Every structure is written in structure tokens, then in C-alpha cells.
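Here's the letter readout for the chains.
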Amino acid sequence: MAKIFYENRFILTKKLHHQYCKMTYQTMNKRMQILAAVLAVIMYVLCAVSFFYLRMPKVCLAFLGFGIYFTMMIFWGYRFSEWINFRKMRDEYGPAITMVLHFQQDKVSVRVNEKSFAFKYSSISKAYETEDSYIMILGKKGMVEHGQVIFKQGFTHDADIDEFKKFINKKAKETIFDL
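Since the structure is predicted, the reported quantities are computational estimates derived from the model, not experimental observations.

### Describing the sheet that holds strand E6 (residues 133-138)
Spatially, the three strands line up as an open sheet ordered E5-E6-E7, and their pairing is antiparallel. The sheet is open, and its two borders are formed by strand E5 (124-129) and strand E7 (146-151), each paired with just one other strand. Within this sheet the neighbouring strands show an average axis-to-axis angle of 25°, counted without direction. Relative to the sheet, helix H4 (residues 161-172) contacts E5, E6 and E7, its axis offset from that of E6 by approximately 0°.

### Some details on the pattern of salt bridges
Under the defined criterion, the tally for this structure stands at six salt bridges. Notably, a salt bridge pairs Lys15 with Glu131, separated by 3.7 Å at the nearest N-O pair. With a gap of 116 residues between them, Lys15 in helix H1 (residues 14-28) and Glu131 in the loop between E5 and E6 connect regions that are remote in the sequence. The class of Glu131 is exposed, set by a relative accessible area of 60%. A salt bridge links Lys115 to Glu92; the shortest N-O distance between them is 3.2 Å. Taken together, the residues Lys115 in strand E4 (residues 115-120) and Glu92 in helix H3 (residues 57-93) connect sequence positions 23 residues apart. Lys115 sits in the partly exposed class, given a relative accessible area of 42%.

### Observations concerning the pairing of E4
Of the pairings in the sheet, the one linking strand E3 (residues 107-112) to E4 comprises six bridges and is antiparallel in character. Residue pairing for E4: Ser109 is matched across the bridge by Ala118. Turn length for the E3-E4 hairpin, with the two strands adjacent in sequence and antiparallel, is two residues, and the turn residue Asn113 shows positive phi of about 55°.

### Digging into the environment of Phe52
By the element assignment, Phe52 lies in helix H2 (residues 30-52). Measuring from C-alpha to C-alpha, the distance between Phe52 and Ile42 comes to 15 Å, with 10 residues separating the pair along the chain.

### A look at the packing of aromatic side chains
Scanning all chains against the criterion turns up 13 aromatic pairs. Consider the rings of Phe10 and Phe151, whose centres lie 6.2 Å apart with planes at 45°: the pair is tilted. With Phe10 in strand E1 (residues 4-11) and Phe151 in strand E7, this pair connects stretches of sequence that are 141 residues apart. Grouped by ring-pair contacts, the aromatic residues Phe5, Tyr6, Phe103, Tyr121, Tyr134, Phe155, Phe164, Phe167 and Phe177 constitute a single cluster. Here Lys152 stacks its cationic end above the ring of Tyr134, 5.3 Å away from the centre of that ring.

### A few points about unusual backbone geometry
The backbone phi angle of Asn113 is positive, close to 55°, even though this residue is not glycine. Mapped onto the secondary structure, Asn113 falls in the loop between E3 and E4. The exposure class of Asn113 is buried, given its relative accessible area of 18%. Of note, Lys173 is a non-glycine position whose phi angle comes to about 60°, a positive value. As for its placement among the helices and strands, Lys173 is situated in the segment after H4. Exposure remark for Lys173: the relative accessible area of 75% places this residue in the exposed category.

Scoring rules and cut-offs
Residues numbered from 1 in each chain as written. Predicted model: local features only at pLDDT ≥ 70, side-chain atom pairs only at ≥ 80, totals over all residues. Heavy atoms only, no water. Pairing = 2+ DSSP bridges. Helix = DSSP H or I, 4+ residues; strand = E, 2+ residues; numbered from the N terminus. Axes fitted to C-alpha atoms, helices over the stretch in contact; angles between N-to-C directions. Contact = heavy atoms within 4.5 Å. Salt bridge = Lys/Arg side-chain N within 4 Å of Asp/Glu carboxyl O. Buried < 20%, exposed > 50% of the residue type's maximum accessible area, 1.4 Å probe, protein only. Phe/Tyr/Trp six-rings, centres within 6.5 Å; stacked < 30°, edge-to-face > 60°. Lys NZ or Arg CZ within 6 Å of the ring centre and 35° of its normal.

This is the structure:
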């Protein structure tokens, strides 16, 4: 069995998942936010044209509704995907989503309830910190970006967080965590 340098155990709660979704949406989905902003402006312009020039107030209300929807998607679009993703995870893994991460010599092994997967340190591109967690973004060239949550209080054996961050930086061979 491979040596485990760090172990992190936690139950993925709605709060942790919310922090993950909010952080990744704000940092990784800038194009979607820009698209939503452009669509909102187009809808508002169409609303004005249909009201003032075409004299069609019902059509104007429809465009106004879509404009408000796209405006909300700019700022809170992650809420919908957060809700959908958490429900999918609960359907797949059950009501309690237990995660165990083992940081080994050459990879990170992740067990979610009874299912397992692993990723290499070289696939980590950056990390973010939230109130209760660290989020490692996995995604190098040719790979779909996604993240792995690490619960701050989930380390076993009273791990030194600064040493953990140095360990990840060393294994990834780049600055993932600012020290």
C-alpha cells in the first residue's frame, strides 16, 4: 500500500458545496457571465424597441422578463447549477456524501462513498480558499476544468496547513498555494 502523507475526511454539505460553486463560478465562468450580460442588454434594447416603436407592450414584457432573467444569471447563475449538481450527487452517492482524500507520493486518491478515482498532482492548476475549504482546480491542457474540495477541518492527525500547502506546491512543481 502506498504511503499516505495527508488524509482529509469530510461529509460534503450544502454549505461546502455552495462555497465550491460560488468560488468556481466567479473565477472559471467569466465567459458565461459576459454572455449573460450581452443577452441582458439585447433583451432590454428589444424591450424598448417593441414598446416605443412597435407599440407592443406584451412583447415588451416578454423581453423585459428575459432581460431580468439574464441579469440575474450574471450574479447568481451558479445557484441553479449548484442546486442541480448537488441533487445529482445525492442521487448517485446517497444522502450522505462522504469524501476521503489520500495525498500519496505521486497522486491524490479520492473516495466518495464507495466510488474511487485519482488524479496526479501535475493536473492541479490553481487553488482557492473559502471560509471552510480549499478548492484545488484540476485542469491542464486538453482536460475539462473542475475542482476538488478539501475541508480545512477534515485533516487527520492535526496536519500543519502551511506544510500541506508546501507539499502540494512541491508535488505540482508550481505555485498552487500562495504561502
